[in-house]
Structure formats: C-alpha cells, structure tokens
Amino acid sequence: MSAEFGFSRWGADVVRLAEPLSARVRNPLAPRARSLARNQGVELTVTGSAVVGLVSSGARASIARLEFAAMSNDSAGTIRALLGSATEPDDDVHQRARTAGSGAGPQIAAADCSCRARGDRCVHVLATLYALAAAIDHRPALALELQGFDRFLAARSEPGSGSGPQPQPIARWTPLGGLGIGDYWDPPSAG
Ligand SMILES: [Zn+2]
C-alpha cells in the first residue's frame, strides 16, 4: 500500500501531525479530511511559516490557519551541510538529518480555524495538514521553508552580519493578503 499523503519522508512528518503516533484511537475526522484534501477541497497558501487552508465543503468554506515553529540554528546548519549544492532535500537527507538528531520535523506553534468547532484539530485543520503534506511530497524544500530555513540561509550569507538586520518576528495571521477572505466570513444564512 502506497501512502496517499506523505509518501516522502518530509511529507510523512506532516501527516504525523494529523495522525500522531501517540493517538490511541484513529481520529474520526481523518477520512473526511483526507477526502477534502484529495478532491481539491483545500486551497493552500503558504507564506513563510504561516499556512492558510481555505477549505470548501459544499456551499461552506472555512479558513484554517497554522503557524510552524522555527527550526534551531543547529538543525538548520546540519541540514544545510547535508544538502550540499542540492536545493530539494530528498529522503536520504531526511534520514541523515534524523540520525544526526536534527530531523524532528515541523512543529505546529499555533493553529485555529474560522469554524465553530472547539479545539485546534477540526476537520479543516486536518484537511489543511493533508494538503500541506501533499504539497511537501511534491516539493520537499517547502518543509524547510516552513521552519525558517530560508531566513537561516539569508542570515548566514549576509556580509558582516554581526550588525546586520535582525530577523523580523512573524506577525501572527497577517499574511492573509490576497485571499479575499471577506466573502467567507459572512454569517451563514439561517436555514
Ligand atoms: Zn474548522
């Protein structure tokens, strides 16, 4: 059986966020979330470490928002060394990073959703994670970008970086420009 989501090791890290190994019972929302991601029900926008999933289900749409934690400089340095001149990390880089203690995978720093479900693992957040895993399967470098790997590289290549510009803190939830979300926040008509 081939994995539908997470057939790369980088994508599998994100599937694991939706399906933690520690969970004793399979999340009952998972099949629906997979179906949404499989059938183009998730419009994904990734801006730095912020991921927005516009999840359409019938006439309804919800917006799930995830923010990923930055990787440590040690992890970024290890991965950069493993990458060499390659731009896309392959499964071998993943395995060697893990062996070196730097392959923990993306960690969610914050998650929420516009729907009324309580908790941060509604079907829309899960569907967004599956869609993200699929995107990473096709472009593994995205898994590194989510964790600030680009900023790490930019800081290293900055000449005389001792007094150079400091990394900017990430404003929570602001990279929503261009989504035109206004239409989706209208209260549902009474039915
Ligand atoms: Zn939701």
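Numbering of residues starts from 1 in every chain and runs along the sequence as written. In keeping with the predicted nature of the model, local features appear solely for residues at pLDDT of at least 70, side-chain atom pairs appear and are counted solely at 80 or more, and the whole-chain, interface and lining totals rest on all residues. Excluded from the side-chain calculations are hydrogens and water; all other atoms, namely the structure's heavy atoms, are used.

Side note on the coordination of the zinc ion
Only N, O and S atoms count as donors, using a 2.8 Å cut-off from the metal and 3.2 Å for Na, K and Ca, and because water is excluded some sites may appear unfinished. Protein-derived coordination of the zinc ion comes from Cys113 (SG), Cys115 (SG), Cys122 (SG) and His124 (ND1), at a distance range of 2.1 to 2.3 Å. A four-donor site is classed as tetrahedral when every donor-metal-donor angle falls between 85 and 135 degrees; four donors are called square planar, and six octahedral, when trans pairs exceed 155 degrees and all remaining angles lie between 65 and 115, with any other arrangement labelled irregular. Classification of the site at the zinc ion rests on its four donor atoms, whose angles at the metal span 106 to 115°, yielding the label tetrahedral. Counting along the primary sequence, the residues that act as donors to the zinc ion give the motif C-x1-C-x6-C-x1-H. Burial status follows relative accessibility: with a 1.4 Å probe on protein chains alone, a residue under 20% of its type maximum counts as buried, one over 50% as exposed, and anything between as partly exposed. Judged by relative accessible area, Cys115 falls into the buried class, the value being 18%. The class for Cys122 is buried, based on a relative accessible area of 4%.

Digging into the confidence of the model for the chain
Taken residue by residue, the chain gives an average pLDDT of 84. The fraction at 70 or more is 80%. Note on residues 174–188: pLDDT under 50 across the span, and 16 contacts to partners over four residues away in sequence or across chains. A residue's pLDDT is the confidence the predictor assigns to it, expressed on a 0 to 100 scale. Contacts are assigned to residue pairs that have any heavy atoms within 4.5 Å of one another.

A few points about the sheet that holds strand β2 (residues 50–57)
As a general point, the strands of a sheet are linked pairwise by backbone hydrogen bonds and lie either parallel or antiparallel. Pairing between strands is defined by DSSP: at least two bridges between the two strands are required. Numbering goes from the N terminus for both helices and strands, where a helix is a DSSP run of H or I of at least four residues and a strand is a run of E of at least two. Read across the sheet, four strands follow the order β1-β2-β3-β4 without closing on themselves; strand pairing throughout is antiparallel. Only two strands of the sheet have a single neighbouring strand rather than two, namely β1 (42–47) and β4 (108–113). Direction aside, neighbouring strands of the sheet carry axes that sit 15° apart on average. Note: β2 against strand β3 (residues 60–68), eight bridges, orientation antiparallel. Looking across to β3, one finds that Ser57 is bridged to Arg60. Between N-to-C directions, angles span 0 to 180 degrees; the directions come from axes that are lines fitted to C-alpha atoms, helices contributing only their stretch in contact.

Observations regarding the pattern of salt bridges
We define a salt bridge as a contact between a side-chain nitrogen of Lys or Arg and a carboxyl oxygen of Asp or Glu at a distance within 4 Å. Using the criterion set out here, one finds eight salt bridges in the structure. A salt bridge links Glu4 to Arg34; the shortest N-O distance between them is 3.8 Å. Of this pair, Glu4 sits in the segment before α1 (9–18) while Arg34 sits in helix α2 (residues 30–38), and the two are 30 residues apart along the sequence. By relative accessible area, Arg34 is classed as buried at 15%. Two residues, Arg139 and Glu145, come together in a salt bridge whose shortest N-O distance is 2.9 Å. Here Arg139 falls in the partly exposed class, since its relative accessible area comes to 35%. Here the salt bridges share partners, and the residues they tie into one network are Glu4, Glu19, Arg34 and Arg38.

Considerations on the packing of α1 against helix α5 (residues 123–138)
Between two packed helices, the angle of one axis relative to the other and the distance separating the axes together describe the packing. Running from N to C, α1 and α5 point in directions that differ by 175°, and their axes come no closer than 7 Å. Classed by the angle they form, the pair α1 and α5 counts as roughly antiparallel. In this structure, α1 contributes Trp10, Gly11, Val14, Val15, Leu17 and Ala18 to the contact, and α5 contributes Leu126, Leu129, Tyr130, Leu132, Ala133, Ile136 and Asp137. Each residue receives one of three labels: charged for Asp, Glu, Lys and Arg, nonpolar for Ala, Val, Leu, Ile, Met, Phe, Trp, Tyr, Cys and Pro, and polar for the others, Gly being one of them. Residues belonging to the contact of α1 with α5 are distributed by class as follows: 11 nonpolar, one polar and one charged. These descriptions rest on fixed angle ranges, namely under 35 degrees for roughly parallel, over 145 for roughly antiparallel, 65 to 115 for roughly perpendicular, and the rest for oblique.

Regarding the nonpolar core
Only buried residues count toward a nonpolar core, which is a set of Ala, Val, Leu, Ile, Met, Phe, Trp, Tyr and Cys residues joined through side-chain atoms within 4.5 Å. Formed by 42 residues in total, the largest nonpolar core has its most connected members in Phe68, Leu129, Tyr130, Leu132, Ile136 and Phe149. In terms of residue count, the dominant contributor to this core is α5 (10 residues).

Considering helix α3 (residues 73–83)
All buried positions along α3 are accounted for by Ser75, Ala76, Ile79 and Leu83. Each buried residue of α3 lies within a common arc of 95° when the element is viewed along its axis, so the set occupies one face. Facing away from the buried side of α3, by more than 90 degrees, are the exposed residues Asn73, Asp74 and Ala81. Throughout, the arc means that of the directions going from the helix axis to the C-beta atoms.

Quick word on the side chain of His124
Following the sequence through the fold, His124 ends up in helix α5. Taking the relative accessible area as the measure of exposure, His124 reaches 12% and is therefore buried. Throughout this description, a polar contact denotes any pair of N or O atoms lying within 3.5 Å of each other; where both atoms belong to protein, one of them has to be capable of donating a hydrogen while the other can accept it, and for residues adjacent in sequence the pair is counted only when both atoms sit in side chains. A polar atom in the side chain of His124 sits 3.4 Å from the side chain of Ser62. Those residues in contact with His124, other than ones at most four positions away along the chain, are Val55, Ser62, Ala64, Cys113 and Cys115.

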